[in-house]
Amino acid sequence: GGAAGAGPEAKRSRLAPVSPLVARKADYVVQQLPTTVVAKAWQVHGAVQLFDAGNTLPFIARYRKEQTGDMSPPDLRHVERVLQRVEQVEERRAGVLKSLDKMQVLTNPLEKAIWQAMTMEELEDLYEPFRSKRKTRAQTARDLGLQPLADMMRASSPIPPATAAVRFVGEAIASIEAALQGARDIVAEEAVQAPGAKEKARGLRFVARFVSKRRGKDESEDRQFSDYWDFEADYRTLRSHQYFACQRGEQKKRLTLSWRVPDASVDQVVNTVVGLTRGPPTGAQAAAWAEQVTLAVADGVKRLLMPAVQREWRRQVKERSEDESYDVFRRNLSAKLMAPPSSMWLKEQCDIIVGVDPGFRAGVKMAAISMHNGDVLEVWTAHPHNGEAAKHDTVERLSHLLSEHEVIFALGNGTASRETENVLREAMKKASGRGCYAVVDEAGASVYSATELAAKELPNLDVTHRGAVSLARRLMDPMSELVKVGPQSLGVGLYQHDVDQKRLEEELTGVTQCCVTAVGCDANRASPELLRYVAGLTPKLAEALIVQRQDIGGFKTREELKAVRGLGPKTFTQCAGFLRIYSGKEQLDATSIHPESYSVAKKLQQRFGQRLEKLKEVLDEQELGVGRATLQDIVAQLRGAADDERAARPAPTLKSVSGKHTTSTGAIDAALAGVTVDGLKPGMLVVGTVRNVVPFGAFVDLGVQSDALLHRSQYPRSAPKDGSWPVINEVIEVKVVSVNRDQRKTKIAVSML
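The model shown is predicted, which means the values in this text are computed figures rather than measured ones. (Residues numbered from 1 in each chain as written. Predicted model: local features only at pLDDT ≥ 70, side-chain atom pairs only at ≥ 80, totals over all residues. Heavy atoms only, no water.)

A. Examining the environment of Ser-321 more closely. Note on placement: Ser-321 falls in helix H16 (residues 286-337). Through-space distance from the C-alpha of Ser-321 to that of Arg-260 is 20 Å; in sequence the pair is 61 residues apart. Those residues in contact with Ser-321 that sit more than four places away from it in its chain are Arg-239, Ser-240, Tyr-243 and Phe-244. (Helix = DSSP H or I, 4+ residues; strand = E, 2+ residues; numbered from the N terminus. Contact = heavy atoms within 4.5 Å.)

Set out below in structure tokens:
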């Protein structure tokens, strides 16, 4: 749906005149968008024009709502994704036209057909007859001089096939049948290149089955791919995780992948292509030549055409699966980055967070940081799992810390987490119940610890203690800490290594940018790692911005950002609204109101007060010269009513020794109740935290060291079908369905209550 206020025509008129090329690209995007995107053509056209002009997705989503009808960031990403593919087609179109023109074969009808082609497949079909080919059977036959015989075959010559073929028998062609076979090879190649032939074959995807079979019969081999030893799925219903599992099995030479198409459907294609290939069936020898043409076309369809379209299906399924995976990765990463900081959920007074990185042999690394600014106060290594004496020393030290400070522990969920949790609880009991703790996802912490950035930020700490500091800061301000880790290291989905790595980086960088800009960034305090994700900024510009703020002692206004080396007017437009200047000369610089709208904001303040406390009437956006959606955002900012999206996200669960072991529904907290994985029984109700969401379900941390799988078939009926539930970090109650343990891993299956 569009934004309130002016209708589509008025909205469209606010856009600059659009070029025919951009209009054509927008038309193609409209036709190729997935059905999950609900948007009118004028909205998509507006978005395409804005993207084509070099605007970033966050800028479009926040400050150009009128032009797009307030399209959501996910929908805008779909538009951007399809637009990138359309632009690849445009680039290829230009290359094909140039190549054909150079060959001097570009006729007016061919040029018109090329301009009308919408997909890469259509372009390649048109270019195929002119492509430089490897030595094919048809080309070999042509070199032997059999093209005239092939032409006679297609035209149903009045001369009998054997009589016509005998003329070509000689030193290079040993027999009549060899001559006819060569002619059939030529006809086969020409037939499958006929206009309409490939499109007819492509239509078989709707009856095609993707087939995965076990490769080899060794019963002792790893059963990793046993679910796909005898697997089939429709082209349309094959899910991304199924495809990637099969692809990985094929790469490891454990599976053989193919397509199965009903013979009757292939025969229909053969009959259609025969009709496109041979001339009118007249003359006494028509039936004899028709038999030759049918043999040729059947061979061409099965040997040349079907393998070609099946390769296309494989590429399409891969592309579709990657898109689905990217959407899952984006949702998961967004959930992690948008987890609320401690300032939003911490109700009690607290002055220290202690990051606890658990371990057995190397000990438990601990780092105390200031709740005020995240500075490191102290680090140490404890060995509570090396005997009772060492455990006693750890409990004493922690209980002493708890008696002197208000402490929250950020406990990593890796190896020895459960055992270390028991130590923390003992220390809290000894300190008369003071303190609390939250379990924090460790994903990526060790990666960050070994980076140059970590060494620069924490030069006096070893790698292991840096990890503990990172855990503490993740609890304090998840976004600021997680942006320091490559998104691929945060465990945001499955089969990350099976998708296009360049595109994966683009997708994850894009969603990180959306999250950072949704919250806003303090231009005078943000780290370069955070600034690099502000719309319009690059790592180099982020560093230049920090140099400039150090040189001038901090920015006083947004206008001063224009003095940053390399930050031009276009970049300023993209980033200014997302960079905040607190306690500066201009109050509006501390809001998300864009400088281009300051004049409107100040008019409102002059008429209705600084916080619009006198505003009682319905505002006329036309009088103010601004769109309805933008005006609503300005009013919300001036009134202080604009929401921080993180406030609605799941907060971490704080646990204390006085906490209850069971919920009102009877679900237990396994860690608090002392239940291990061996104690889990079918039917048991358990509280868990969602750690990862994948296309086939969600992995839930039950506090027993092995995550449980909540299959999507076990989601509640009321769950949204758009993949927005469940959300990472969400606490849910589940029922244990089964627990299977073998030498490789423990598999726990759960269902919703």
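B. Local environment of the sheet that holds strand S8 (residues 436-440). What the five strands build is an open sheet, ordered S6-S5-S4-S7-S8; its pairing is mixed. Whereas interior strands pair on both sides, the edge strands pair on one side only; in this sheet they are strand S6 (376-382) and S8. The average angle at which neighbouring strand axes cross in this sheet is 20°, direction not considered. Examined bridge by bridge, strand S7 (residues 407-412) and S8 share five bridges and lie parallel to one another. What sits directly across from Ala-410, in S8, is Ala-438. Each of strand S4 (352-357), strand S5 (364-370), S7 and S8 is contacted by helix H19 (residues 417-430), which is oriented at about 165° to S7, the strand it contacts most. Against the sheet, helix H22 (residues 463-476) contacts S4, S5, S6, S7 and S8, and its axis sits at roughly 50° relative to S5. (Pairing = 2+ DSSP bridges. Axes fitted to C-alpha atoms, helices over the stretch in contact; angles between N-to-C directions.)

C. Representation of the pattern of salt bridges. This model, assessed by the stated rule, comprises 57 salt bridges. For Arg-131, the salt bridge identified is with Glu-128, shortest N-O distance 3.4 Å. Using a relative accessible area of 30% as the deciding quantity, one classes Arg-131 as partly exposed. Arg-691 is paired through a salt bridge with Asp-701; the nearest N and O atoms lie 3.4 Å apart. Here the residue Arg-691 occupies a position in strand S11 (residues 685-694), and Asp-701 occupies one in strand S12 (residues 697-701), the gap between them amounting to ten residues. The class for Asp-701 is buried, based on a relative accessible area of 13%. When salt bridges that share partners are traced, they join Arg-77, Glu-80, Arg-81, Arg-85, Lys-318, Glu-319, Glu-322, Asp-323, Asp-327, Arg-330, Arg-503 and Glu-507 into one network. (Salt bridge = Lys/Arg side-chain N within 4 Å of Asp/Glu carboxyl O. Buried < 20%, exposed > 50% of the residue type's maximum accessible area, 1.4 Å probe, protein only.)

D. Fine view of the packing of helix H7 (residues 108-116) against helix H8 (residues 120-127). Two elements in contact, H7 and H8, have axes separated by 9 Å at closest approach and are oriented at 165°. The orientation of H7 with respect to H8, classified from their angle, is roughly antiparallel. The handedness of the crossing between H7 and H8 comes out as left-handed. Contact residues: H7 offers Leu-110, Ala-113, Ile-114 and Gln-116, while H8 offers Glu-122, Leu-123 and Leu-126. Residue composition of the contact of H7 with H8, by class: five nonpolar, one polar and one charged. (Parallel < 35°, antiparallel > 145°, perpendicular 65-115°, else oblique. Left-handed = near helix turned anticlockwise from the far one by under 90°. Nonpolar A, V, L, I, M, F, W, Y, C, P; charged D, E, K, R; others polar.)

Function cannot be inferred from these measures alone, as they are strictly geometric.
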